[in-house]
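Close look at the chain arrangement
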2 protein chains.
Amino acid sequence: MPRSQATDLYAVRENNLSLVLNMVRRAGAISRADLVRQTQLSATTVSALVNVLLESGFVVETGIGESSGGRPPIMLAFVYEARHVLGVEMGATHLTAVLMDLHGQIIGRQYQQFATLANPTGSINQITQLLQMIIAAAAINPSHLLGIGLAVPSPLDGENLDQLSTVIMPQWAGYDLKATLQPLFKLPVYLENDANAGVIAEQWWGRGRDYANLAYIKLGTGVGSGLIVKNEVYRGDGGTAGEIGHTTITSDGPLCRCGNRGCLESFVGAPALIAEVNQHRQINGEAAVHSINDIVAAANQHDPICRQVIDKAGAYLGIAIANLINLFNPGLIVLGGELAAAGNLLLTPVHQAVTQRAMSKAASEATITTSQLGANAIAIGAGTLVIHHAFQPANLGLTLGMKGR
Amino acid sequence: MPRSQATDLYAVRENNLSLVLNMVRRAGAISRADLVRQTQLSATTVSALVNVLLESGFVVETGIGESSGGRPPIMLAFVYEARHVLGVEMGATHLTAVLMDLHGQIIGRQYQQFATLANPTGSINQITQLLQMIIAAAAINPSHLLGIGLAVPSPLDGENLDQLSTVIMPQWAGYDLKATLQPLFKLPVYLENDANAGVIAEQWWGRGRDYANLAYIKLGTGVGSGLIVKNEVYRGDGGTAGEIGHTTITSDGPLCRCGNRGCLESFVGAPALIAEVNQHRQINGEAAVHSINDIVAAANQHDPICRQVIDKAGAYLGIAIANLINLFNPGLIVLGGELAAAGNLLLTPVHQAVTQRAMSKAASEATITTSQLGANAIAIGAGTLVIHHAFQPANLGLTLGMKGR
DNA sequence: TAACTTTCTTTGGACAGTTGACAAAGTAAG
DNA sequence: CTTACTTTGTCAACTGTCCAAAGAAAGTTA
């Protein structure tokens, strides 16, 4: 059932300009002739569009390339330092803010422990402070900041999916994070769920570059996932898609905080794993662990209890992933969050469960891996959100500093 | 990560023409002035595009509408009989072929019991025969046939997802259904998985008209689902998305034919339900049931065993649907297949399980219902596939019979 | 009857990408 | 070195898009 939008000539220009710009950005260095071949546009049009980009400063000519039997091409390069973006991960108990260039390189970073859930005003102030410190510390032109991306530990709600969920974060009812920060910095502010920020980071800078459909599973206190479908974040009708943490693994399992029984989160959420390890440790008279990091570290030191707990978690996780594969058939699944640091200790039982439980074709074609982006992954994803929006056709005029219509 | 396509001026025209045509089609009757308001195009452009459509015969002026305080509008109507399409449901044990107009109205129908899985050549011949009979019987202009849609009981495979899966239908290896029928009828042929055809039918002609994200669950011998994401069928990376039948409901349940344990299909697939009813009936010395239809009929006659079996199936189905809602957060879920005829006997336990198990916001926002399209739903969906393609911007020139560029 | 509103068409123009000719700058071969 | 060829990139003329403005058509309202 088609439901498209009207197109005019400005839209054509925007679309083709975006196409060329993103091709240069992805390639890093490329000639006009190659752009002609890859875009299917005429040489004239490519030349004209490239001239616009050269004037904007996002693209430069870097010299002469290698001849392929005729006149050698003039190489064009994307200027990844032409603009910068800010990304913030608002966790339940911490804030991470990063300043990035257009290549996802971190130029500045601030970290702060902070109990965000119960303190909206304080959180907003803290975020503001962290961002101001980063900007002050970095030697960049403030007018070259494209915007602020915010990853939050809540599904998005509201008419435009740009509000925090008052169900998950009741104390934030009445606070509008986006509308508050926007005037303070005079920059566009984009909100996104943390797992969605994770999947964006993976598709832009991680292993997801070549996948149109992928999932990111964030293993933390809660267990959530971000889905990219046909190269776009998929939020579902109400903004809560990807709630893999509360899918049923076994219909009569333990009671979950959501009221259901046998949820994935009640098996592999951080509290469950920590409690399980400590139960054994108490019996053995050993010191308790306090975080997933402790468990992973101990497992790496061959602690048998921790290894066993991780192994079991992987088996349960594998069931949920098998369901995800059957339903969603993604090309790639990336595991993130603290537990992902366990690497193969986690991946091995996951693979085993998936092979056993998912439809063989979909399972054998899906790659499952742990994230390589480290602790800043979510903040990086938040910043990437800004880049994504800035380079959308409709926003390109603003980003490049072109005069309005 | 943007990955769009180059746009030229023909594409602009195609897009806007498609926009206007589909708006007229959906509205049934509408004035140029209303098209201007809804499309955001200029009055000039709308007039020009409407003239093209009038010439093509897909749209006619039907008279004068009601004035809203000024000159009364000239009403435009879509001509749903301008073209026709053929749709075929190839089931495991039967073939249904329909001839439809552009309103989804069935003009002709043929049904034939046929064991398709083991007999590719025979199936193709049978399909050919049924279609030829329908065409011969109907008083339509053969040159006004837009194409043939085929729904098959298999995920799609191959480079372009236009082949049957050799895993599910091994005896069809080496047969190319699409390439065989295309030259016979000299018409475009489109292949689709049966559950996907079901979800297309629901979005076009059923309760899904106003939903961008919806799921259709086909309850038959197997259990599969079709997903529409952002108004397009979603097939996943390998063409197997929507395999809800083999999601794990309970990690240590009965063995399924797929080798896994506790699959939804092993609880609510037709063989399981029939066996369960008959087990009770044998004890009671009653006659055995042979189909889901038998069970539903008995349940409607207040047979306690059949009611109990349906009730239990609904509870299991509800668990899978809760998982689907948590992951995909669709606005609508339609239950189809023979078992859907049980109506509220099935829906009540499904709703109960979903309320208990899915995240409350997503669950309360999702509508779950049974299909109203009847036994021809899948064949109708197959035919609709042709309409969908014919009205895509890129194919509009051909459909309207316009001269090439 | 005159003024107003709404619908639809006509006219002229701005601007998109394209085609084809051509300039620029190399390679390949005698 | 010279000539022929290839590849890269630009320029001018052109086709075809949508749009804004003006106006014609056909009603309502007072």
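Residues numbered from 1 in each chain as written. Chains lettered and ligands numbered in written order. Predicted model: local features only at pLDDT ≥ 70, side-chain atom pairs only at ≥ 80, totals over all residues. Heavy atoms only, no water.

Looking now at the overall build of chain A. For chain A, the count of helices and strands is 14 helices and 15 strands. Here the C-alpha atoms of chain A give a radius of gyration of 23 Å, agreeing with the 22 Å that 2.2 N^0.38 yields for 405 residues. The C-alpha extent of chain A, read off along each of the three principal axes, is 75 × 50 × 45 Å. Here chain A, with 405 residues, has 58% of them falling under the buried criterion. Contacts in chain A between residues at least 24 apart in sequence constitute 60% of all its contacts with a sequence separation of at least 6. For chain A, the computed accessible surface area is about 16,600 Å², with 50% contributed by carbon and sulfur atoms. Here chain A carries 25 positive and 29 negative side-chain charges, and the mean point of each set is 5 Å from the other. (Helix = DSSP H or I, 4+ residues; strand = E, 2+ residues; numbered from the N terminus. Rg over C-alpha atoms; globule rule 2.2 N^0.38 Å. Buried < 20%, exposed > 50% of the residue type's maximum accessible area, 1.4 Å probe, protein only. Contact = heavy atoms within 4.5 Å. Areas by Shrake-Rupley, 256 points an atom, 1.4 Å probe, with all protein chains shown as cover. Lys, Arg positive; Asp, Glu negative; His and termini not counted. Charge placed at Lys NZ, Arg CZ, Asp CG, Glu CD.)

Right, let's talk about the packing of aromatic side chains for a bit. The geometry of an aromatic ring pair comes down to the distance between the two centres and the angle between the two planes. All names here are of chain A. Applying the stated rule across the entire model yields 18 aromatic pairs over all chains. Arranged with centres 6.3 Å apart and planes meeting at 50°, the rings of phenylalanine 58 and phenylalanine 78 form a pair that is tilted. Of this pair, phenylalanine 58 sits in the loop between α3 (43-56) and β2 (59-64) while phenylalanine 78 sits in strand β3 (residues 74-78), and the two are 20 residues apart along the sequence. When its relative accessible area of 0% is taken as the criterion, phenylalanine 58 is described as buried. On the basis of relative accessible area, phenylalanine 78 is assigned to the buried category, the value being 5%. Taking the centre distance of 4.1 Å and the plane angle of 15° together, the rings of phenylalanine 267 and tyrosine 316 count as stacked. (Phe/Tyr/Trp six-rings, centres within 6.5 Å; stacked < 30°, edge-to-face > 60°.)

Further remarks concern the sheet that holds strand β6 (residues 106-113) of chain A. For sheets, the rule is that strands pair by backbone hydrogen bonds, running either parallel or antiparallel. Residues and elements named next belong to chain A. Read from one edge to the other, the open sheet built from five strands follows the order β6-β5-β4-β7-β10, with strand pairing classed as mixed. Looking at the sheet topology across the chains shown, the edges are occupied by β6 and β10 (189-193). Recorded for the sheet is a direction-independent mean angle of 15° between the axes of neighbouring strands. Note that strand β5 (residues 94-101) and β6 share seven bridges and pair antiparallel. Looking at the pairing, alanine 97 lines up with glutamine 110 of β6. (Pairing = 2+ DSSP bridges. Axes fitted to C-alpha atoms, helices over the stretch in contact; angles between N-to-C directions.)

On to the interface of chain A and chain B. Contacts between chain A and chain B engage 68 residues on the former and 66 residues on the latter. When chain A packs against chain B, the two sides together hide about 6,000 Å² of surface, and 50% of this comes from carbon and sulfur. Applying the counting criterion to the chain A and chain B interface returns four salt bridges. Between lysine 230 of chain B and glutamate 232 of chain A there is a salt bridge, with the nearest N and O atoms lying 3.4 Å from each other. Here chain A is connected to chain B by 37 residue pairs in polar contact (both at pLDDT 80 or more). (Buried area = accessible area lost by both parts, 1.4 Å probe. Salt bridge = Lys/Arg side-chain N within 4 Å of Asp/Glu carboxyl O. Polar contact = N/O pair within 3.5 Å; in protein donor to acceptor, adjacent residues only side chain to side chain.)

This part is about the packing of helix α8 (residues 270-284) of chain B against helix α9 (residues 292-300) of chain B. Residue and element names in this part refer to chain B. Running from N to C, α8 and α9 cross one another at 55°; their axes reach a closest spacing of 9 Å. If you check the angle between α8 and α9, you find them oblique. Considering only the axes of α8 and α9, their crossing is left-handed. Mapping the contact onto sequence places Ala270, Leu273, Ile274, Val277 and Arg281 in α8 and Ile292, Ile295 and Ala298 in α9. Per-class residue counts for the contact of α8 with α9 are seven nonpolar, no polar and one charged. (Parallel < 35°, antiparallel > 145°, perpendicular 65-115°, else oblique. Left-handed = near helix turned anticlockwise from the far one by under 90°. Nonpolar A, V, L, I, M, F, W, Y, C, P; charged D, E, K, R; others polar.)

Time to look at the sheet that holds strand β7 (residues 145-152) of chain B. All names here are of chain B. Across the sheet, which stays open at both edges, the five strands sit in the order β6-β5-β4-β7-β10 with mixed pairing between neighbours. Strands with a single pairing partner mark the edges of an open sheet, and in this sheet they are β6 (106-113) and β10 (189-193). Ignoring strand direction, the axes of neighbouring strands in this sheet form an average angle of 15°. Running over the sheet, helix α6 (residues 194-205) touches β5 (94-101), β7 and β10 and is turned about 105° from β10.

Another point: the domain arrangement of chain A. Accessible area lost during the coming together of the parts is what is often quoted as the interface size. Residue and element names in this part refer to chain A. When its domains are assigned, chain A resolves into domain 1 (9-78), domain 2 (84-199 + 379-400) and domain 3 (207-372). Between domain 1 and domain 2, the C-alpha centre-to-centre distance is 32 Å. In this assembly, domain 1 packs against domain 2 so that about 840 Å² is buried in total across both faces, 77% of it on carbon and sulfur atoms. Summed over the shared surface of domain 1 and domain 2, the result is zero salt bridges. Summed over the shared surface of domain 1 and domain 2, the number is one residue pair in polar contact (both at pLDDT 80 or more). (Domains from an automatic or database assignment.)

What follows deals with helix α13 (residues 377-390) of chain A. The terminal C-alpha atoms of α13 of chain A, which comprises 14 residues, lie 20 Å apart, in line with the 20 Å expected from a rise of 1.5 Å per residue. Most of α13 of chain A is tucked away: 13 of the 14 residues are buried. (Expected span 1.5 Å × (residues − 1).)

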